[in-house]
Amino acid sequence: MFDTIPVHSLPKSLSAVPALRIYRFKNSQGKSTETPENLPITPLPTDTPHRHSYYEILFIEEGQGFHEIDFHSYSVQGTGIHFLTPGQVHLLTFSAPCQGFIVAFSEDFYTFYNPSATSLSKFPFFQTSKRQPILRLSDIERHYFHNILENMVEDHLGNETDQNMLGQYLGLFLQKCAIISQKEVTSYQTSASSVPEIVGRFQELVEKNFREMHEVQQYATILEVSPDYLSKTVKRFLGIQTQEYILNKLLLEAKRLLVFTNLSSKEIAYHIHIEDPSYFGRIFKRKSGLTPNEYRDSVRKSTI
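Quick caveat, the model's predicted, so the values are computed rather than measured.

Caption draft 1: The arrangement of the environment of Pro-11 in detail. For Pro-11, the location among the structural elements is in the loop between β1 (7-8) and β2 (21-23). For Pro-11, a relative accessible area of 38% translates into the label partly exposed. On a C-alpha basis, the gap between Pro-11 and Arg-21 in space is 8.6 Å, while along the polypeptide they are 10 residues apart. Filtering out sequence-adjacent residues up to four positions away, Pro-11 remains in contact with Arg-21 and Tyr-23.

Structure (structure tokens):
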């Protein structure tokens with residue numbers, strides 16, 4: 001067990017914008033008609049709990065096993081696309097060889113080459129409140145995405161990589177995923193475009209600042225609205241109180257650290273900028289029904 005959760009970062013790029021990376025899975029078969037042999041295998045461990053500082057897309061064409069994402073277990077069975085956002089803790093456990101592609105990219109890379117496209121936070125599979133991390137595909141859809149990725153790999157591995165082309169391929173890939181996702185999930189009633197911009201900006205701010213910023217007033221100040229207006233808007237469109245939304249993010253991070261590190265409850269409280277460890281213990285028990293240590297013991301016994 002670690003004192004911190006390992007964080008994987010993209011290799012540094014010579015260009016001003018961090019480059020996109022494409023890999024094969026570690027347990028992919030040596031020769032495959034589906035995945036180019038000259039595509040490198042991911043150099044990072046994927047079968048132990050870790051997180052990324054970047055976005056990641058796992059396009060799985062063949063394979064069996066489980067994908068654990070922030071305490072939720074998703075089966076790997078046949079074709080599907082798995083989506084990960086920066087900071088999520090996950091690990092892959094395969095029981096059969098996996099064929100497919102891993103696409104890793106930064107938010108800066110996507111926005112630089114798709115300046116007028118949908119922002120990443122508005123895609124349903126990247127949204128924090130209504131995240132749909134797995135997209136199942138028909139055989140026709142599998143071929144569609146496979147062809148895009150084959151073209152991306154060819155350009156990615158070429159002598160003169162065209163980053164602009166790769167960036168636009170990525171935008172096309174995500175737009176198509178969004179179309180399929182909207183069709184398949186009928187319970188997703190409110191489209192991303194109908195959610196006010198202020199709600200999306202609030203979610204992005206919380207995602208990046210929840211460890212240090214705990215108060216609604218802090219977010220309202222940055223967004224240049226009153227705390228009351230922000231709270232009412234978030235409640236209307238997300239169905240949760242603004243303060244509870246922030247608190248839920250804090251407690252998810254606390255749960256990650258409790259299960260995947262050896263940090264004490266006191267150290268975790270300080271890590272998420274709660275100066276009173278006893279208050280942290282009380283609020284954790286109120287929300288989860290268990291003390292921090294009880295939660296750690298319970299989850300480790302059942303899943304680790």
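Let us keep going from here.
Caption draft 2: Up close: the nonpolar core. Judged by nonpolar contacts, the single largest core of 37 residues is most densely connected at Phe-202, Val-206, Tyr-219, Leu-230, Ile-268, Phe-280 and Phe-284. If you look at the next biggest cluster of nonpolar residues, it comprises 33 residues, including Leu-20, Phe-101, Tyr-113 and Leu-166.

Caption draft 3: View of the pairing of strand β4 (residues 55-69). Counting buried residues along β4, 11 of its 15 residues qualify, which places the element largely inside the surrounding structure. Here β4 runs beside strand β7 (residues 90-105); their pairing, made up of 13 bridges, is antiparallel. Bridged to His-67 within β7 is Leu-92. Note that β4 and strand β6 (residues 80-84) share five bridges and pair antiparallel. What sits directly across from Phe-59, in β6, is Ile-81.

Caption draft 4: Geometry of the packing of helix α4 (residues 197-209) against helix α6 (residues 227-238). Look at α4 against α6: their axes get within 10 Å of each other, and the N-to-C directions meet at 95°. Comparing their axes, α6 and α4 come out roughly perpendicular. Between α4 and α6, the residues in contact are Ile-198, Val-199, Phe-202 and Gln-203 and Tyr-229, Leu-230, Thr-233, Val-234, Phe-237 and Leu-238, respectively. Taken together, the residues that form the contact of α4 with α6 break down as eight nonpolar, two polar and no charged.

Caption draft 5: Focus on the pattern of salt bridges. Evaluated as defined, the whole model comprises 11 salt bridges. Glu-207 is the partner of Lys-249 in a salt bridge, and the nearest nitrogen-oxygen pair spans 3.2 Å. Of this pair, Lys-249 sits in helix α7 (residues 242-260) while Glu-207 sits in helix α4; the two residues are 42 residues apart in sequence, bridging distant segments of the chain. Residue Lys-249 is classed as buried on the basis of its relative accessible area of 9%. Of the charged contacts in the structure, one is a salt bridge between Glu-244 and Lys-287, with a shortest N-O distance of 2.6 Å. Linking Glu-244 in helix α7 with Lys-287 in helix α9 (residues 277-288), this pair joins segments that are 43 residues apart in sequence. Residue classification places Glu-244 among the partly exposed residues on the basis of a relative accessible area of 24%. If you follow the salt bridges from partner to partner, you end up with Arg-51, Asp-70, Arg-211, Glu-253 and Arg-256 in one network.

Caption draft 6: Inspection of the environment of Tyr-113 at higher detail. As for its position among the elements, Tyr-113 is in helix α1 (residues 107-113). With relative accessibility at 15%, the residue Tyr-113 sits in the buried group. Separated by 50 residues in the primary sequence, Tyr-113 and Gln-163 place their C-alpha atoms 8.3 Å from one another.

Caption draft 7: Quick peek at α4. Here α4 contains 13 residues, and its C-alpha end-to-end distance of 18 Å stays within 8% of the 18 Å for a straight helix at 1.5 Å per residue. When α4 is considered as a whole, its buried residues turn out to be Ile-198, Val-199, Gly-200, Phe-202, Gln-203, Leu-205 and Val-206. Elements in contact with the buried residues of α4: α5 (216-223), α6 and α7.

Quick notes on the rules
- Residues numbered from 1 in each chain as written.
- Predicted model: local features only at pLDDT ≥ 70, side-chain atom pairs only at ≥ 80, totals over all residues.
- Heavy atoms only, no water.
- Helix = DSSP H or I, 4+ residues; strand = E, 2+ residues; numbered from the N terminus.
- Buried < 20%, exposed > 50% of the residue type's maximum accessible area, 1.4 Å probe, protein only.
- Contact = heavy atoms within 4.5 Å.
- Core = buried A, V, L, I, M, F, W, Y, C linked by side-chain atoms within 4.5 Å.
- Pairing = 2+ DSSP bridges.
- Axes fitted to C-alpha atoms, helices over the stretch in contact; angles between N-to-C directions.
- Parallel < 35°, antiparallel > 145°, perpendicular 65-115°, else oblique.
- Nonpolar A, V, L, I, M, F, W, Y, C, P; charged D, E, K, R; others polar.
- Salt bridge = Lys/Arg side-chain N within 4 Å of Asp/Glu carboxyl O.
- Expected span 1.5 Å × (residues − 1).

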